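Survey of secondary and tertiary structure
Residues per chain, in single letters:
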Amino acid sequence: MCGIVGYVGPNSSIDVLLRGLSRLEYRGYDSAGVAVIGTDAHLRTRKHAGKLKVLLDELKASPIQDGQTGIGHTRWATHGGPTDGNAHPHLGDAGKLALIHNGIIENFASLKEELLLDGETFTSETDSEVVAIMAGRAYRETGDLTRAMREVVARLEGAFTLLIVHEDRPGEVVGARRNSPLVIGLGDGENFLGSDVAAFVEFTRRAVEIGQDQIVTIRPDSVEVTDFDGNPVETREYEIAWDASASEKGGWSSFMRKEISEEPDAVANTLRGRVHEGEVLLPELGVLDDAVLASLDRIVIIGCGTAAYAGMLGTYAIESWARIPVEVELSHEFRYRNPVINERTLVVSISQSGETMDTLMAVKYARGEGARTLSICNTQGSSIPRESEAVLYTHAGPEVAVASTKAFVAQVTALYLLGLHLASVRGTLSADEITASINELLAIPGKLADVLIASADIGQLAGWMADTRSVLFLGRNVGFPVALEGALKLKELAYIHAEGFAAGELKHGPIALIEPGQIVFVIVPSPRDPNSLHPKVVSNIQEIRARGARVIAIAEKGDAAVLPFADEVIPIPLAAPMFEPLLAVVPLHIFALELATAKGLDVDQPRNLAKSVTVE
Ligand code: M6R
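Structure report, in brief. Keep in mind it's a predicted model, so treat the numbers as computed, not measured.

Calculation notes
Residues numbered from 1 in each chain as written. Predicted model: local features only at pLDDT ≥ 70, side-chain atom pairs only at ≥ 80, totals over all residues. Heavy atoms only, no water. Helix = DSSP H or I, 4+ residues; strand = E, 2+ residues; numbered from the N terminus. Rg over C-alpha atoms; globule rule 2.2 N^0.38 Å. Buried < 20%, exposed > 50% of the residue type's maximum accessible area, 1.4 Å probe, protein only. Contact = heavy atoms within 4.5 Å. Areas by Shrake-Rupley, 256 points an atom, 1.4 Å probe, with all protein chains shown as cover. Lys, Arg positive; Asp, Glu negative; His and termini not counted. Charge placed at Lys NZ, Arg CZ, Asp CG, Glu CD. 1 Å grid on protein atoms, 1.4 Å probe; cavity = no way out; pocket = protein on both sides within 12 Å on 5 of 7 lines; lining within 4 Å. Points joined across faces, edges and corners; volume = space filled by probe spheres on them. Nonpolar A, V, L, I, M, F, W, Y, C, P; charged D, E, K, R; others polar. Domains from an automatic or database assignment. Salt bridge = Lys/Arg side-chain N within 4 Å of Asp/Glu carboxyl O. Near = heavy atom within 4 Å. Polar contact = N/O pair within 3.5 Å; in protein donor to acceptor, adjacent residues only side chain to side chain. Pairing = 2+ DSSP bridges. Axes fitted to C-alpha atoms, helices over the stretch in contact; angles between N-to-C directions. Arc of directions from axis to C-beta.

A separate point is the overall build of the protein. From N to C terminus, the protein includes 18 helices and 26 strands. Relative to the 2.2 N^0.38 estimate, which gives 25 Å for 616 residues, the radius of gyration of the protein is 25 Å and therefore close to what a compact globule would have. In the protein, buried positions account for 60% of the 616 residues. Restricting to contacts in the protein with at least 6 residues of sequence separation, those with at least 24 account for 71%. Per element, the accessible surface of the protein, about 22400 Å² overall, is 49% carbon and sulfur. Charge centroids of the protein, computed over 55 positive and 82 negative side chains, lie 3 Å from each other.

In structure tokens, the structure reads:
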């Protein structure tokens, strides 16, 4: 939520900020704005409601004086609607100081009251403007921008990343963070700040993590990081593992289309270096060594949205292979219901961004209760891995489209690796069984490439359904999370009613929704598995067909039993049952993309959403 970028250096700050914002726009696109200290030492801001393009056009039509110091913001609205007035930056000290903010200031109302009584006036409905006014006052008193930031954050409650600049201090940007992301980019005679490394990866691949409750001051030749009391803190530099081209569309019509095409690579890269001669190798588990893993009596997987559905698949795999009780829970529900966890519980958090506030808070809570913590995350240097004892990075590469696709298959792959590792440590699968599952996993990228080819006609199918108002998704066992994921994608991209059900639950209520013409996707399990639920799912299909449903089956290639009962069959390659979800989910990702495209919607930036949900 909200993208933040800051720059000091010899180059045009407007250019650097706008390039950064274009890579951060996925974080929020209700408005965009910049503030720059011009070469004449005056601060100028320009901000507009709407997508970044509106600001770009405006700056082209009527440029502002450029300079070498600036901050930029792209907003996902929380306090106050998406208007020009509520857009960031906000101003303090009679327009000489500019501030941008990501997060929520929980005590803003009482602070605002205090400022109003003291004669201050406000031009927006945001919590952020309160902080801008406070920072302006603190700067007037101290004449020191870093001290001003220190005084302000001491009074704030909630979650925030803040950046400030003041026209008296060209060549200086001061940032602060609490429970909200901020990273430093180290350049040569220039430095950067960003909500994530995408903000500056085009200019430098050297990054530094900023810890919780820390303040950073960047100048062209220096970076100083302190805690909120002003004590210097040690920082860790790392190299960004991908380059700018990885976060560009590269000729694709949308990021989402590009990212779906990268699903085979996301699985292959997540496996790379982690399997060797039939064994799973996870040295990054570090302190979560074999003794700790053997002592566990329970695993709780937490996440939100698509990450939670990946987690559901983890419960089937880990429980079945490692014979340990596994539950999955939405992070925000887990955190606030006083769950029973202790040092023999492993809490596995899943997050593409590593910044989802609900999950971050749940991880902190779990640690506080003494549970062991592992994160499965796609974003290096992000907050959730830093709060966890160990991290398994999914190497899916940057995911820019708001809808999560390649991150999902990478998360499921990481969970499967974890499950097989646990089974090995706990002796619940034989070496041969583990090797067989590893071989299944290694074959998935090639099969995914086949699924992409076989899904070429889904665009046409979706085109016929552009006016559809409701789509249902059914699956059993490991097909159930796939059904939920298919429904979520359709809701968020095509804005139509979509629901996923466990097929066995149908007759307990949802079947009443079926009326002639209702489109139902059914994830059909393999008929080759002796324990397969295949006959039961085929019966479910018959039940809904008898009531007029139009059935689109996602079924194993050559599954003749399903053909007579489905209106359309999307074939997927043969795989062992536990691994089928990795293949079955891709046609659903494509269907959501194509239906939204057929409706003329923006698939990368669906309405009301943001990629990284950094507020609770
Ligand atoms: O970054 P995270 O994986 O923690 O994000 C979790 C959810 O917000 C995310 O998966 C969301 O549901 C997606 N927009 C779904 O496509």
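In this structure, the largest pocket spans a volume of roughly 640 Å³. Lining the largest pocket are 31 residues, and of these N477, D529, A576, P577 and M578 lie nearest its centre. Within the residue set of the lining of the largest pocket, elements represented by two or more residues are α9 (306-322), α14 (431-454), α16 (479-494), β25 (550-556) and α18 (580-598). Residue contributions to the lining of the largest pocket peak at four residues, all from α14. Taken together, the residues that form the lining of the largest pocket break down as 19 nonpolar, six polar and six charged. When residues of the lining of the largest pocket are assigned to domains, at least three fall in each of domain 2 (250-451) and domain 3 (458-598).

Another point: the pattern of salt bridges. Taken as a whole and judged by the stated rule, the model has 36 salt bridges. Here E224 and R219 are joined by a salt bridge, their closest N and O atoms 3.2 Å apart. Since its relative accessible area comes to 24%, R219 is described here as partly exposed. Shared partners join several salt bridges into a network, and the residues in it are D15, R19, R23, E202 and E248.

As a further point, take the site of the ligand. Residues in contact with the ligand amount to 14 residues; listed here are only the nearest, S351, Q352, S353, T356 and E492. The side chain of S353 places a nitrogen or oxygen atom 2.7 Å from an oxygen atom of the ligand. In the complex, the protein chains occlude 90% of the 410 Å² of accessible area that the ligand would expose alone. Mapped by element, the contributors of at least two residues to the shell around the ligand are α9 and α16. Examining the composition of the shell around the ligand, we find that three residues originate from one element, α16, more than from any other.

Our focus in this paragraph is the sheet that holds strand β9 (residues 183-186). Spatially, eight strands are ordered β3-β2-β4-β1-β10-β9-β11-β14 in an open sheet, and the strand pairing comes out antiparallel. The sheet is open, and its two edges are formed by β3 (43-49) and β14 (237-239), each paired on a single side. Between one strand axis and the next, the sheet turns by 20° as a mean value, whatever way the strands run. Sheet analysis places strand β2 (residues 31-38) next to β3, joined by seven bridges and oriented antiparallel. Across the sheet, the residue bridging to I37 is L43, located in β3. Across the sheet, helix α1 (residues 13-24) touches β1 (3-8), β2, β4 (67-75) and β10 (191-194), and the angle it forms with β4 is around 20°. Across the face of the sheet, helix α2 (residues 52-61) comes into contact with β2 and β3 while running at roughly 135° to β3.

A word on the sheet that holds strand β6 (residues 97-105). Strand pairing in a sheet takes place through backbone hydrogen bonds and is either antiparallel or parallel in direction. Judged by pairing direction, the sheet is antiparallel, and its six strands sit side by side in the order β5-β6-β7-β8-β12-β13 without closing on themselves. Unpaired on one side and paired on the other, β5 (90-92) and β13 (222-227) mark the two borders of the sheet. Neighbour-to-neighbour, the strand axes of this sheet turn through a mean angle of 20°, independent of strand direction. With five bridges joining them, strand β7 (residues 158-166) and strand β8 (residues 173-178) adopt antiparallel strand pairing. Each bridged residue has a counterpart across the sheet, and for L162 the counterpart in β8 is A176.

What follows deals with empty space enclosed by the protein. Counted under the stated rule, the structure contains two cavities of 30 Å³ or more. When its volume is computed, the largest cavity comes out at roughly 90 Å³. Residue composition of the lining of the largest cavity, grouped by class: six nonpolar, six polar and five charged. The two domains that each donate at least three residues to the lining of the largest cavity are domain 1 (3-246) and domain 2 (250-451). Approximately 60 Å³ is the volume found for the second largest cavity. Lining the second largest cavity are C2, R75, W76, T78, H79, H88, H101, N102, G103, T126, D127 and S128. Split into classes, the residues belonging to the lining of the second largest cavity amount to two nonpolar, eight polar and two charged.

So, on to helix α3 (residues 108-117). Of the residues making up α3, those classed as buried are F108, L111, K112 and L115. The buried residues of α3 occupy one face: seen down the axis, they fall within an arc of 100°. Buried-residue contacts for α3 involve β6 and α4 (128-142). Just downstream of α3, G119 is the residue with a positive phi angle, here 95°.

As a further point, take the side chain of D358. Relative to the assigned elements, D358 resides in helix α11 (residues 357-368). Although D358 lies buried, it forms no salt bridge, and the closest oppositely charged side chain, R335, sits 8.8 Å away as judged by the N-O distance. Residues in contact with D358, not counting those within four places in the same chain, are C304, S331, H332, V615 and E616.

A separate point is unusual backbone geometry. At the junction of H88 and P89, the peptide bond is cis and its omega measures out at 5° in the coordinates. Backbone geometry places E277, a non-glycine residue, at a positive phi of 45°. Summarising the element assignment, E277 is placed in the loop between β15 (275-276) and β16 (279-280).

Bringing the pairing of β7 into the picture now. Of all nine residues in β7, nine are buried, a share of seventy percent or more. In β7, alternate side chains face the same way, and those of G158, F160, L162, I164 and H166 on one face and A159, T161, L163 and V165 on the other are all buried. Hairpin connection between β7 and β8: a loop of six residues separates the two successive antiparallel strands, and G171 in this loop has a positive phi of roughly 80°.

What follows covers the side chain of R23. Inspection of the secondary structure puts R23 in helix α1. Setting aside residues no more than four positions away along its own chain, R23 makes contact with A198, E202, A244, S247 and E248.

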